[in-house]
Amino acid sequence: MKLFTTLIATAASVATVAISAPVHALTFTQWNFNTLSLGNAGIATTGSGSATPVGGTSFALATGTSTDVGSPNQALGTAAYPAQGIGSKTAGAQFATSTVGYQNIIVTWEQRNSGTASRYGQFQY
């Protein structure tokens, strides 16, 4: 099985991660966090996929961005990163879903950084 994964290594909140195939504008996996509690924050709200904290980080739900649709307008926050200069590109949130049968895949997300967030962020696949 092919897996599509992302690692966002930043002390930011990830508001929405969606993966879609542009041929039919089909969203086959999405995390929107608006209907989730912290206990099930890693479960995709559309389709099948998982989100997990990696590298010692933890998840928290936070206020989302002004462009989020739905109530209660939550975002996925991350915390507990390694100290500066230690473990670069090893911590953050990992989103995984199968891309079998899809092509020309587009990944979109909204990100809001707090005043204590790193100024660095990285998308890996």
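Nothing here was measured: the structure is a model prediction, and the numbers come from that model.

K.L.:
Give a description of the overall build of the protein that names residues and reports values.
P.N.:
Within the protein, the secondary structure is distributed over zero helices and nine strands. Evaluated residue by residue, the protein yields a buried proportion of 37% over its 125 residues. In the protein, of all internal contacts separated by at least 6 residues, the share reaching a separation of at least 24 is 64%. When the accessible area of the protein is evaluated, it comes to approximately 7000 Å², of which 54% is carbon and sulfur surface.

K.L.:
How would you sum up the packing of aromatic side chains? Please name residues and give values.
P.N.:
Under the defined criterion, the tally for this structure stands at three aromatic pairs. Taking 5.0 Å as the distance between ring centres and 70 degrees as the angle between the ring planes, the aromatic pair formed by Trp-31 and Phe-95 counts as edge-to-face. Of this pair, Trp-31 sits in strand E3 (residues 26-31) while Phe-95 sits in strand E8 (residues 92-98); the two residues are 64 residues apart in sequence, bridging distant segments of the chain.

K.L.:
Describe the nonpolar core, and please don't skip the residues or the numbers.
P.N.:
Counting nine residues, the largest nonpolar core is built from Trp-31, Phe-33, Ala-41, Ala-44, Ala-51, Phe-59, Leu-76, Ala-93 and Phe-95. Setting aside its immediate chain neighbours within four residues, Phe-59 contacts Leu-38, Ala-51, Thr-52, Pro-53, Leu-76, Gly-77, Thr-78 and Ala-93.

Rules behind the numbers
- Residues numbered from 1 in each chain as written.
- Predicted model: local features only at pLDDT ≥ 70, side-chain atom pairs only at ≥ 80, totals over all residues.
- Heavy atoms only, no water.
- Helix = DSSP H or I, 4+ residues; strand = E, 2+ residues; numbered from the N terminus.
- Buried < 20%, exposed > 50% of the residue type's maximum accessible area, 1.4 Å probe, protein only.
- Contact = heavy atoms within 4.5 Å.
- Areas by Shrake-Rupley, 256 points an atom, 1.4 Å probe, with all protein chains shown as cover.
- Phe/Tyr/Trp six-rings, centres within 6.5 Å; stacked < 30°, edge-to-face > 60°.
- Core = buried A, V, L, I, M, F, W, Y, C linked by side-chain atoms within 4.5 Å.

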